[in-house]
Amino acid sequence: MTAGRWLLRAASLSAALLVWQGLTSLDVNVWLRFEQFPTVGQVASTFAERAGTAPYWQDLTSSLRRIVTGFALAAVLGVAVGTAIARSRIAADVLGPLLEVLRPVPAIALVPVAILLFPSNEQGIVFITCTAAFFPVLVSTRHAVGALTPVWEEAVLTMGGGRARILFSVVLPGALPGIFGGLSVGIGVAWICVISAEMISGEYGVGYRTWQDYTVIDYPGVFVGMVTIGALGWLTSTAVELLGRRLTSWLPRTAASSSPATPSRTSRPARVPRAAPAAATGTAVRRDLQPAQGTTTGGTQK
């Protein structure tokens, strides 16, 4: 990424902070009420205080551990089940109807089930996080595998390859762009559900601490939690996207993603120079206009 793009992104965040500071410091109350909002300075001061304490980092570590564990399980299960449903009619008939019935159920609605099913809140929160990220990965994998052209598979079969070779050399590499699309969506949904689960049944975590701050009307603390959640979500989603780019580096990139100094593989080919005008090739034109020997002109043979 060029320095200009970094500056543009930094300017965008700075402008948002300036607007926030202006609305809260002036106590703007025009339909939207900013008079009770903490200012940027108050939130920054509270963040600096909490960043130097052990409970803040304990909450952050707990949330990261839950999100990494649940998301890793969802990625493995989603890719495996999605590939099986796309490749096997038996798997599609057995697992498809059950998963389609469960997919519309919000993961956060499974909190009572997790409380009854698992012996500890930690395991229940990981279960909810895994369920939230599982279905986006499943659906994207199923569509990506189903959209692969059969020509590649036939080529491997022609060269004597078996099912395992087809799976690891054709199916999974070909479906990687679609799989990582589902992983990018899944990590965002997982953060939403892990924070909600921590607010409802957690003992530690950023979501639990944010809800506790709200109950004691500590609004700067609430915004510290919100900023922490946003930063963690941004970092994890960026990590997923960077991993996807690394594993799919063999794919051709569009012109927008290539550097200005390096031409894109999908860029338009150079223009073919036009043919020279007739005035510059007058000899050839006149030679073409002359009748060949042995032909007749005006009915008289020459």
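Here's a quick rundown of the structure.

Rules of the game
Residues numbered from 1 in each chain as written. Predicted model: local features only at pLDDT ≥ 70, side-chain atom pairs only at ≥ 80, totals over all residues. Heavy atoms only, no water. Salt bridge = Lys/Arg side-chain N within 4 Å of Asp/Glu carboxyl O. Buried < 20%, exposed > 50% of the residue type's maximum accessible area, 1.4 Å probe, protein only. Phe/Tyr/Trp six-rings, centres within 6.5 Å; stacked < 30°, edge-to-face > 60°. Helix = DSSP H or I, 4+ residues; strand = E, 2+ residues; numbered from the N terminus. Contact = heavy atoms within 4.5 Å.

A word on the pattern of salt bridges. Applying the stated rule across the entire model yields nine salt bridges. The residue Glu-100 makes a salt bridge to Arg-103 at a minimum N-O spacing of 3.1 Å. Looking at Arg-103, the relative accessible area reads 35%, which means it is partly exposed. One network of salt bridges, with partners in common, ties together Arg-65, Arg-66, Glu-122 and Glu-198.

Summed over the entire model, instances satisfying the criterion amount to eight aromatic pairs. An angle of 35° between the planes, with centres 5.5 Å apart, marks the rings of Trp-20 and Phe-223 as tilted. A residue pair is termed long-range when its members are at least 10 positions apart, and Trp-20 in helix α1 (residues 3-25) and Phe-223 in helix α10 (residues 219-247) qualify at 203 residues. A centroid spacing of 5.1 Å and a plane angle of 45° characterise the contact between Phe-118 and Phe-127, whose relative ring orientation is tilted. Using a relative accessible area of 25% as the deciding quantity, one classes Phe-118 as partly exposed. On the basis of relative accessibility, which here comes to 25%, the residue Phe-127 falls in the partly exposed class. Among the aromatic residues, those joined into a ring-pair cluster are Trp-20, Phe-34, Phe-37 and Phe-223.

A word on the environment of Ser-140. Counting through the fold element by element, Ser-140 comes out in helix α6 (residues 121-146). With a relative accessible area of 15%, Ser-140 lands in the buried category. Excluding residues that lie within four positions of it along the chain, Ser-140 makes contacts with Gly-178, Ile-179 and Gly-182.

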